[in-house]
Amino acid sequence: MARATDTPDTTTDAAVLRLRRVSHTYTGRRRRTTVLKDIDYALERGTLYAILGPSGSGKTTLLSLASGLDTPTSGTVSFDGRDLKELGLGRYRNKHAATVFQQYNLLTYMTALQNVTCAMEITGTRPTSGSRRARALHLLEQFGIDRAMATRNVLRLSGGQQQRVAIVRAIACDVDILFADEPTGSLDEDTAQGIIDTFRALAHDEGTCVVVVTHSQALAARSDRTLVLRKGRLTEQPKTR
Ligand SMILES: Nc1ncnc2c1ncn2[C@@H]1O[C@H](COP(=O)(O)OP(=O)(O)OP(=O)(O)O)[C@@H](O)[C@H]1O
Ligand SMILES: [Mg+2]
């Protein structure tokens, strides 16, 4: 059962990722900024989550803690009941979680195809049939990146094309959780809808836990659960049907 309360949960449940009393403070030279305050939340498999919140409210910070890029100032993040620090942040990131970064973070000395196959290798993803290369080319093609573009250095692609490569790099990997930080910011409406269809299918058909940060209410409306981050607190927005 997913919840956003302050009460620690001791029951066994379907949670794949659990945040317990997570707070995060950035310490600068002059001042400290507490971005996240006492966040308790359990994410489940097979569910598409949308996270909304004003710019600067801490959405990217929350994803960086949930995806094992950073550790909270206090509180714990656990995957399948194991604290990420015990599991190992690198191991968690390499084997269990994939991220579409807000700034894409593609490897700029590689082609689009190499970016995708490299991520598949790191996560140990093996396609059910055919090679990694063939699978990567097929997925890229589905997202409008043809072979000529796929074999070009990623810096020679447009912003929207790079964003799609970043999305393919994440969805090509066989992981338990997929995080996407404003993954449709540079895309037109139709392409954005296609991306959400893909995320929904990953959650509902493959059982992946998919967490998407967005500013789009329309996109959030197509999630299973919508969370709102505001003033350091995470609350669930009831679904209007
Ligand atoms: N490395 C850092 N050092 C200091 N402060 C930071 C750092 N990263 C983020 N912040 C601050 O933390 C707050 C939250 O930033 P964050 O990037 O998580 O917001 P966001 O909700 O993702 O915003 P946006 O919608 O604009 O992407 C902001 O006030 C930001 O200035
Ligand atoms: Mg952000």
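Everything in this summary refers to the structure shown in the same document. Just so we're clear, the structure is a prediction, and the values are computed from it rather than from any experiment.

Cut-offs applied
Residues numbered from 1 in each chain as written. Chains lettered and ligands numbered in written order. Predicted model: local features only at pLDDT ≥ 70, side-chain atom pairs only at ≥ 80, totals over all residues. Helix = DSSP H or I, 4+ residues; strand = E, 2+ residues; numbered from the N terminus. Rg over C-alpha atoms; globule rule 2.2 N^0.38 Å. Buried ≥ 20, exposed ≤ 12 C-beta atoms within 10 Å, placed from the backbone. Contact = placed C-beta atoms within 7 Å. Pairing = 2+ DSSP bridges. Near = placed C-beta within 6 Å. Nonpolar A, V, L, I, M, F, W, Y, C, P; charged D, E, K, R; others polar. Expected span 1.5 Å × (residues − 1). Axes fitted to C-alpha atoms, helices over the stretch in contact; angles between N-to-C directions. Parallel < 35°, antiparallel > 145°, perpendicular 65-115°, else oblique. Left-handed = near helix turned anticlockwise from the far one by under 90°.

## Quick word on the overall build of the protein chain
Link 1 in the chain: A tally of helices and strands in the protein chain yields nine helices and ten strands.
Link 2 in the chain: For 241 residues, the compact-globule estimate of 2.2 N^0.38 gives 18 Å, and the protein chain sits close to it at 18 Å.
Link 3 in the chain: By its C-alpha atoms, the protein chain is 50 × 45 × 30 Å across when sized along the principal axes.
Link 4 in the chain: Taken over 241 residues, the protein chain has a buried fraction of 40%.
Link 5 in the chain: Within the protein chain, contacts between residues at least 6 apart in sequence are counted, and of these 71% link residues at least 24 apart.

## As for the pairing of strand S1 (residues 15-27)
Link 1 in the chain: Here S1 runs beside strand S2 (residues 32-44); their pairing, made up of nine bridges, is antiparallel. When the bridges of S2 are listed, Val22 appears paired with Ile39.
Link 2 in the chain: Here S1 folds back onto S2, and the loop between the two strands holds four residues.
Link 3 in the chain: Relative to strand S4 (residues 74-79), S1 is paired through five bridges, and the arrangement is antiparallel.

## So, the site of ligand 1
Link 1 in the chain: In the region of ligand 1, 13 residues are neighbours, and Tyr26, Ser55, Lys59, Thr60 and Thr61 sit closest.
Link 2 in the chain: Elements supplying a minimum of two residues to the shell around ligand 1: S2 and helix H1 (59-66).
Link 3 in the chain: Residues that form the shell around ligand 1 fall into these classes: two nonpolar, ten polar and one charged.

## With respect to helix H4 (residues 112-123)
Link 1 in the chain: A rise of 1.5 Å per residue sets the reference length of H4, with its twelve residues, at 16 Å; its end C-alpha atoms lie 17 Å apart and thus fit the reference within 8%.
Link 2 in the chain: Buried within H4 are the following residues: Ala112, Leu113, Asn115, Val116, Thr117, Ala119 and Met120.
Link 3 in the chain: Buried residues in H4 make contact with helix H5 (132-142), helix H6 (147-150) and helix H7 (159-171).
Link 4 in the chain: The first or second residue beyond H4 is Gly124, which carries a positive phi of 70°.

## Quick notes on the packing of H4 against H5
Link 1 in the chain: Where H4 meets H5, the axes come as close as 9 Å, and the angle between the chain directions of the two elements is 125°. Regarding the angle of H4 to H5, the classification is oblique. When the axes of H4 and H5 are compared, the crossing they make is right-handed. Residues Ala112, Leu113, Val116, Thr117, Met120 and Glu121 of H4 form the contact with H5, whose participating residues are Arg132, Arg133, Ala136, Leu137 and Leu140.

## As for the sheet that holds strand S5 (residues 82-83)
Link 1 in the chain: If you walk across this open sheet you meet the four strands as S2-S1-S4-S5, and the pairing is antiparallel. Edge strands, defined here as strands with exactly one partner in the open sheet, are S2 and S5.
Link 2 in the chain: Of the strands in this sheet, S1, S2 and S4 touch H1, which is tilted by about 125° from S1.

## What to know about H7
Link 1 in the chain: The first and last C-alpha atoms of H7 sit 19 Å apart over 13 residues, in line with the 18 Å expected at 1.5 Å per residue.
Link 2 in the chain: Burial runs high along H7: eleven of the 13 residues are buried.

## What to know about the sheet that holds strand S7 (residues 177-181)
Link 1 in the chain: Spatially, S6-S7-S8-S3-S9-S10 is the arrangement adopted by the six strands of the open sheet, whose pairing is mixed. The open sheet is flanked by strand S6 (97-100) and strand S10 (233-237), the only strands paired with a single partner. Here the strands of the sheet are splayed against their neighbours by 20° on average, with no regard to which way each runs.
Link 2 in the chain: Summarising the sheet, strand S9 (residues 225-230) and S10 pair through five bridges and their orientation is antiparallel.

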